[in-house]
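Take a look at the letters that make up each chain.
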Amino acid sequence: MEHTITFLPQNKSIRIKAGVNLLSAARRAGVKIPTRCDGKAACLMCKVNVDDDQLQALHPPTDAEQRKLGSLLEAGTRLACQAKVRGSVSVHVPEDPLKAAIRKQLERQQQENDDWF
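A brief structural summary. In this text, all values refer to a predicted model and were calculated from it rather than measured experimentally.

## Brief notes about unusual backbone geometry
Thinking step 1. Looking along the chain, the bond that leaves L8 and enters P9 is cis, with omega of 5°.
Thinking step 2. Tracing the chain through its elements places P9 in the loop between β1 (2-8) and β2 (12-17).
Thinking step 3. The phi angle at N11 is positive, at roughly 55°, despite the residue not being glycine.
Thinking step 4. Following the sequence through the fold, N11 ends up in the loop between β1 and β2.
Thinking step 5. Look at D38: it is not a glycine, yet its phi comes out positive at around 55°.
Thinking step 6. Along the chain, D38 falls in the loop between α1 (22-29) and β3 (47-49).

## What to know about the environment of L58
Thinking step 1. Mapped onto the elements, L58 comes out in the loop between β3 and α2 (63-69).
Thinking step 2. Overall, L58 belongs to the buried group, its relative accessible area being 1%.
Thinking step 3. It is 18 Å that separates the C-alpha atoms of L58 and I33, two residues lying 25 residues apart in sequence.
Thinking step 4. Ignoring anything within four residues of it in the chain, the contact list for L58 reads L22, V50, R78, A83, K84, V85, R86 and V89.

Calculation criteria
Sequence order as written defines residue numbering, which begins from 1 separately in each chain. Only residues with pLDDT of 70 or above have their local features reported here, since the model is predicted, and side-chain atom pairs are shown and tallied only from 80 upward, although totals for entire chains, interfaces and linings are computed over all residues. Side-chain metrics in this entry use all non-hydrogen atoms of the structure; hydrogen atoms and water are not considered. Secondary structure elements follow DSSP: runs of H or I no shorter than four residues count as helices, runs of E no shorter than two count as strands, and numbering proceeds from the N terminus. Three exposure classes are used, based on accessible area relative to the maximum for each residue type with a 1.4 Å probe and protein chains only: buried under 20%, partly exposed in between, and exposed over 50%. Pairs of residues are marked as contacts when any of their non-hydrogen atoms sit within 4.5 Å.

Below is the structure:
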């Protein structure tokens, strides 16, 4: 059975089979989720967020995920390399910190320019 995975804010969707992890789905969809450990739950770089009402669309957290994320699991944070799909779900991919800082600086500069006119 196939399910639709939507990656936000990119708004890219892909249909995949149940049991595929979110990192593999993202790669197939052309969505970049950083990782250094190649899916071994070691680097914690592939954190994504899932809304509470959609958590049931993923298999329960693995032991590795529980150890690594702890209370973050309660807030809907999952490791894309470990979270396996069992239903259609929307996944929020956090913005790269460097890109976020640059975007915020550009927004401030634009606001300052707008204030002059």
